Structures are given as C-alpha cells and as structure tokens.
Amino acid sequence: MKVGFIGTGSMGSILIESFIESGALLAKEIIASNRSRRKVEQLAERYEGLRMAASNKEVVEQSQLVFLCVKPSEFKHVLSEIKLFTLPTQIIVSITSPVMIADLEQQLNCKIAKVIPSITNYVMSGVTLCVYGDRLQQDDKQTLDRLLSYVSEPIMVLEKFTRVSSDISSCGPAFFSLLLQKFIDAAVEESGVSYPVASRLACEMLLGTGKLLTEGGFTPIELQQRVAVPGGITAEGLRLLDKELTGVFNQLFRITHAKYEEDQAKVAASFA
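Our subject in this report is the structure included herewith. (Residues numbered from 1 in each chain as written. Predicted model: local features only at pLDDT ≥ 70, side-chain atom pairs only at ≥ 80, totals over all residues. Heavy atoms only, no water.)

## So, the overall build of the protein
For step 1, the next point in the chain: Along the backbone of the protein there are 11 helices and eight strands.
For step 2, the next point in the chain: Dimensions of the protein, computed from the C-alpha atoms along their principal axes, are close to 70 × 40 × 35 Å.
For step 3, the next point in the chain: Split into buried and exposed, the 272 residues of the protein put 40% on the buried side.
For step 4, the next point in the chain: As presented, the protein carries roughly 15,300 Å² of accessible surface, and 58% of it is formed by carbon and sulfur atoms. (Helix = DSSP H or I, 4+ residues; strand = E, 2+ residues; numbered from the N terminus. Buried < 20%, exposed > 50% of the residue type's maximum accessible area, 1.4 Å probe, protein only. Areas by Shrake-Rupley, 256 points an atom, 1.4 Å probe, with all protein chains shown as cover.)

So this is what it looks like as structure tokens:
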C-alpha cells in the first residue's frame, strides 16, 4: 500500500518514523511533501527509499491513503491544491481535530477519516483516536486499524468528544510532563538531591505507575489507597495535593475547549 503524508512537522514526522520503526510500513511505501522541503529531505536521508514529492498534488496522485498533517489555518489552501485529484477509492486522513469530517466530505470526493495521534506513539504506546466518515467501508476501517495498531491502540470516539479525548491522550503527555518537571525541581530545591538523580527516580516512578494503572489493573483511587497509610506521610501529601489541585483541571479543559472552538470557527469560516 502506498501511503502519503502532506506535512512533515512534529506530528507528521512522528507518524512516519513510528510506522517505519514499528514495521507497519516500509520507507519505500511512503511519499511525503512539506512546505519546507528540507524536513522531507531529512526523513529521506534517514530512511532510504522514502520518496520526496514535488507537490501535494503528487502525494495524492501516488497514494492510496493520505495523512493530512497540517495546521487548521493551512487546510483551505491544501484542499484547494488536491481536491481535483482525489478519487472515491482513496482514504484521506486528517490529524487536525478542529477540522470537521463533514467539511472535508463536502470539499473532497474521497473517503474521510480523522485520526488524532499522540507523541506516545513514537515509542509504540498510547492510543490513537479514530473518527470515521460515512463513506468508509468496514474493510477501510480495518485497514486503518491494522496500520495504527502497530504504534498504538486505536480507539473509536464520537467526533463531539474529540477535543476532550485529545486533551487526555495527546495533550496529556505535555501536561503531566510539566507536573513531573515541577515535582523534580521542588525535590532538588528542598533537599539538595542532584537533578539527574531526582529526574531518574521520578521518570522511573512514572513508568511504573503507568504499568500499575494498565497492566496491574489498579484504578487511580485504588492505587492511592494502596500506597497511602492512614495518618502516614503519603496521606499528608495527598491531602495537600487534593486541596491545591481542586478545580485546576476543570479550568484546563475550559481553556483547551475555548481554543478548540475558536480554531473550529476559523476553519468553518474559511470553507464558507
């Protein structure tokens, strides 16, 4: 199967690298384009056989499946370049959450899907959020699921829950990395332990915690109860965190949703 990528920025590159490293795709099965040609050249230099397209049109003409890895503000321009060259048998996959499937189906005559990856896919972990348009047949969905399962666990979500699901699975690594950073910094400041030691301890702890919450079968509440002895040190720490963090994540979701709605409105206006 020939797979194309329009856009090889941060997430586009992660998808390409992950698909190749996992064995999901051979480099020679991929063709890619980007506004900055150098980014595609770097991928081609690293993965022998990966083809650099001279235009977005060429990517579409040479691919059965195309990932659109561009910013919301770039969609109108990209669609105007490729819309005359898509075929009803092709699958176009957007990884940009504010772009609605209905808008893409109105603009293009092919099959449409929305897939929201995560940086965790870089290490063949985490989930990929999948929203499938009405034109996709069952075998099309299975094709996408098989490809994505090499680097993640594909999970179908309703489009109306794309934002909150993406906040958790795609933005979450950044959010919790910030919490971890603050945790490490405080340990260093309060105790004098070296940063490398504190960082190693914290990162290994987070890795083990993730396994407990997945492979170990613990829920977050069960894990807290298992670690915290009533009246003990952990319990005191949990009491502080529960107090200080109350409402913080509610505000976080409100902010991300407001930005999402703003981006969504801009995209819709550009298509009008």
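Let us keep going from here.
## Focus: the pattern of salt bridges
For step 1, the next point in the chain: Inspection of every chain in the model, using the stated rule, returns 15 salt bridges.
For step 2, the next point in the chain: Between glutamate 204 and arginine 200 there is a salt bridge, with its nearest N and O atoms 3.5 Å apart. With glutamate 204 and arginine 200 both in helix α8 (residues 195-214) and four residues apart, this pair spans about one turn of that helix.
For step 3, the next point in the chain: Among the salt bridges present, the one from lysine 259 reaches aspartate 263, with a minimum N-O distance of 3.2 Å. Of this pair, lysine 259 and aspartate 263 are both found in helix α11 (residues 248-271), four residues apart, which corresponds to roughly one turn of the helix. (Salt bridge = Lys/Arg side-chain N within 4 Å of Asp/Glu carboxyl O.)

## Some points on a nonpolar patch on the surface
For step 1, the next point in the chain: Together, Phe176, Leu179, Leu241, Leu245, Val248 and Phe249 give the surface a local cluster of nonpolar side chains, amounting to about 480 Å² of exposed area.
For step 2, the next point in the chain: Taken together, the elements giving at least two residues each to the nonpolar patch come down to α7 (162-191), α10 (233-245) and α11.
For step 3, the next point in the chain: Checked against the element boundaries, leucine 241 lands in helix α10.
For step 4, the next point in the chain: Look at leucine 241 and you get partly exposed, because its relative accessible area is 48%. (Patch = residues over 30% accessible without salt bridge, like charges linked within 9 Å, V, L, I, M, F, W, Y side chains within 5 Å.)

## Topic: the sheet that holds strand β1 (residues 3-6)
For step 1, the next point in the chain: Here we have eight strands laid out as an open sheet, ordered β3-β2-β1-β4-β5-β6-β7-β8, and mixed in their pairing. Taken across any chain shown, the strands that pair with only one partner, and hence form the sheet edges, are β3 (51-52) and β8 (153-156).
For step 2, the next point in the chain: In this sheet, β3 lies alongside strand β2 (residues 30-33) in parallel orientation, the contact comprising two bridges. Each residue of the ladder has a partner; that of alanine 32, found in β3, is methionine 52.
For step 3, the next point in the chain: Contacting β6 (111-116) and β7 (127-132), α7 crosses the sheet at an angle of about 160° to β7. (Pairing = 2+ DSSP bridges. Contact = heavy atoms within 4.5 Å. Axes fitted to C-alpha atoms, helices over the stretch in contact; angles between N-to-C directions.)

## Considerations on the packing of aromatic side chains
For step 1, the next point in the chain: In the structure shown here, the tally under the stated rule is four aromatic pairs.
For step 2, the next point in the chain: Ring centres of phenylalanine 5 and phenylalanine 19 lie 6.4 Å apart, and the angle between their planes is 45°; on these two criteria the pair is classed as tilted. Of the two residues, phenylalanine 5 sits in strand β1 while phenylalanine 19 sits in helix α1 (residues 10-22), which places them 14 residues apart along the sequence.
For step 3, the next point in the chain: You can call phenylalanine 5 buried: its relative accessible area is 0%.
For step 4, the next point in the chain: For the ring pair phenylalanine 5 and phenylalanine 67, a centre distance of 5.1 Å and an interplane angle of 10° mean the geometry is stacked. Of the two residues, phenylalanine 5 is situated in strand β1 and phenylalanine 67 in strand β4 (residues 65-68); the sequence distance between them amounts to 62 residues.
For step 5, the next point in the chain: Among the aromatic residues, those joined into a cluster by ring pairs are Phe5, Phe19 and Phe67. (Phe/Tyr/Trp six-rings, centres within 6.5 Å; stacked < 30°, edge-to-face > 60°.)

## Some thoughts on the packing of α7 against α11
For step 1, the next point in the chain: Two numbers describe how α7 lies on α11: the axes approach to 11 Å, and their chain directions differ by 125°. Relative to α11, α7 is oriented oblique. By crossing handedness, the relation of α7 to α11 is classed as right-handed. Listed contacts from α11 to Arg163, Val164, Asp167, Ile168, Phe175 and Leu179 of α7 are Phe249, Leu252, Phe253, Thr256, His257 and Tyr260.
For step 2, the next point in the chain: Considering only residue class, the contact of α7 with α11 consists of eight nonpolar, two polar and two charged. (Parallel < 35°, antiparallel > 145°, perpendicular 65-115°, else oblique. Left-handed = near helix turned anticlockwise from the far one by under 90°. Nonpolar A, V, L, I, M, F, W, Y, C, P; charged D, E, K, R; others polar.)

## Points about α8
For step 1, the next point in the chain: If you check α8, its first and last C-alpha atoms are 28 Å apart, about what 20 residues at 1.5 Å a residue would give, namely 28 Å.
For step 2, the next point in the chain: Along α8, the positions that sit buried rather than exposed are Ala198, Ser199 and Ala202. All buried residues of α8 project into a common sector of 100° when viewed along the axis, lining one side. Away from its buried face by more than 90 degrees, α8 exposes Pro196, Arg200 and Leu201.
For step 3, the next point in the chain: On the buried face of α8, the contacting elements are α7. (Expected span 1.5 Å × (residues − 1). Arc of directions from axis to C-beta.)

## A short note on the side chain of lysine 111
For step 1, the next point in the chain: Within the secondary structure, lysine 111 is located in strand β6.
For step 2, the next point in the chain: Using a relative accessible area of 15% as the deciding quantity, one classes lysine 111 as buried.
For step 3, the next point in the chain: A distance of 2.9 Å separates polar atoms of two side chains, one belonging to lysine 111 and the other to aspartate 140.
For step 4, the next point in the chain: Setting aside anything within four residues of it in sequence, one finds lysine 111 in contact with Pro88, Thr89, Gln90, Ile91, Ile92, Arg135, Leu136 and Asp140. (Polar contact = N/O pair within 3.5 Å; in protein donor to acceptor, adjacent residues only side chain to side chain.)

## Examining the state of the cysteines
When the sulfur atoms of two cysteines share a covalent bond, that bond is a disulfide.
For step 1, the next point in the chain: Taken as a whole, this structure holds zero disulfides when the rule is applied.
For step 2, the next point in the chain: Sulfur of cysteine 130: no disulfide; nearest cysteine sulfur belongs to cysteine 69 and is 14 Å away. (Disulfide = S-S within 2.5 Å.)

Everything listed here is a matter of coordinates, which is why it stays silent on function.
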